[in-house]
Amino acid sequence: MEWLKEWVRHLVTLVILAATLEMALPMGNMKRYVKLTMGLLILFAMISPWATLLRNPMPIEWHLFEPAGGALPSLSQVMTAARDFGSKQEALARAGAEEEMANSLRQALLALPGLRDAQVAVKLGAKGEVEAVDVVANPGSPGSVRPVAPVTVGGKPEPQAKALDPALLGSITAVLRAQVGPKVPISISGTP
């Protein structure tokens, strides 16, 4: 790499010398010849490393370009890996889109009066269309305190979903239908 630094330093010196000579010389024929001569010197300085390389070629170590594991994979292996990568990327993109849509629907639902919180899950189809929406609604006002569930000794009772107020259920359904359309199946339940 030292030769490269020296080459660049030499070129910069020649360019500075050419610029200085051009400014120092008065107008006339002499200035044209000096510009031509300095231009040729700079051109030869730029070409000189290539000429040296052509006279004394450097040996190429081809083993540095071979893969570390030995042989290259076959085309079918590369195509299979590409398909796998594509399907993983598609699944990640679908999961991100489902999460983003669920957050958007949740924010729309939280604007409803009488709804403290909601958990929303969205399932997207292969073409990105909404296939299903599941909502678990927690009725009440946003600032209200949630009552404590009764404690049972000797086992855990199965949590029973609360029945939602029909007016709140209608409001939730209307908001979801406006967002996802009339044909998408919607499941709404209350929190236990």
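Residues numbered from 1 in each chain as written. Predicted model: local features only at pLDDT ≥ 70, side-chain atom pairs only at ≥ 80, totals over all residues. Heavy atoms only, no water.

**Some remarks on the sheet that holds strand β3 (residues 186–190)**
The mixed open sheet is built from three strands, whose spatial order is β1-β2-β3. Strands with a single pairing partner mark the edges of an open sheet, and in this sheet they are β1 (115–124) and β3. Strand-to-strand twist across the sheet, computed as the mean angle between neighbouring axes with direction ignored, equals 15°. Two elements, strand β2 (residues 130–139) and β3, share five bridges in a ladder whose sense is parallel. Paired with V135 across the strands is I188, a residue of β3. Contacting β1 and β2, helix α3 (residues 75–110) crosses the sheet at an angle of about 150° to β1. (Pairing = 2+ DSSP bridges. Helix = DSSP H or I, 4+ residues; strand = E, 2+ residues; numbered from the N terminus. Axes fitted to C-alpha atoms, helices over the stretch in contact; angles between N-to-C directions. Contact = heavy atoms within 4.5 Å.)

**Digging into the packing of α3 against helix α4 (residues 166–180)**
With their axes 10 Å apart at the nearest point, α3 and α4 run at an angle of 140° to one another. Between α3 and α4, the crossing angle belongs to the class labelled oblique. Once α3 is placed against α4, the crossing between them reads as right-handed. Contact with α3, carried on its side by M101, L105, A108 and L109, involves I172, V175, L176, Q179 and V180 of α4 and no other residues of that element. In terms of residue class, the contact of α3 with α4 is built from eight nonpolar, one polar and no charged. (Parallel < 35°, antiparallel > 145°, perpendicular 65-115°, else oblique. Left-handed = near helix turned anticlockwise from the far one by under 90°. Nonpolar A, V, L, I, M, F, W, Y, C, P; charged D, E, K, R; others polar.)

**Some thoughts on α3**
Taking 1.5 Å per residue as the helical rise, α3 with its 36 residues ought to reach 52 Å, and the 52 Å between its terminal C-alpha atoms agrees with that figure. Of the surrounding elements, those touching the buried residues of α3 are β1, β2 and α4. (Expected span 1.5 Å × (residues − 1).)

**Notes on a nonpolar patch on the surface**
Taken together, the side chains of L36, L40, L43, F44, M46, I47, W50, L53 and M58 define a hydrophobic patch exposed on the protein surface, amounting to about 940 Å² of accessible area. Within the secondary structure, F44 is located in helix α2 (residues 29–55). (Patch = residues over 30% accessible without salt bridge, like charges linked within 9 Å, V, L, I, M, F, W, Y side chains within 5 Å. Areas by Shrake-Rupley, 256 points an atom, 1.4 Å probe, with all protein chains shown as cover. Salt bridge = Lys/Arg side-chain N within 4 Å of Asp/Glu carboxyl O.)

**Some remarks on the packing of aromatic side chains**
Applying the stated rule across the entire model yields zero aromatic pairs. Its end group placed over the ring of Y33, R32 keeps NZ or CZ at 6.0 Å from the ring centre. (Phe/Tyr/Trp six-rings, centres within 6.5 Å; stacked < 30°, edge-to-face > 60°. Lys NZ or Arg CZ within 6 Å of the ring centre and 35° of its normal.)

**Side note on the pairing of β2**
In this sheet, β2 lies alongside β1 in antiparallel orientation, the contact comprising nine bridges. Its bridge partner lying in β2, Q119 is registered against V136. In this structure, the hairpin formed by β1 and β2 is closed by a connection of five residues, where G128 is found at a positive phi of approximately 90°.

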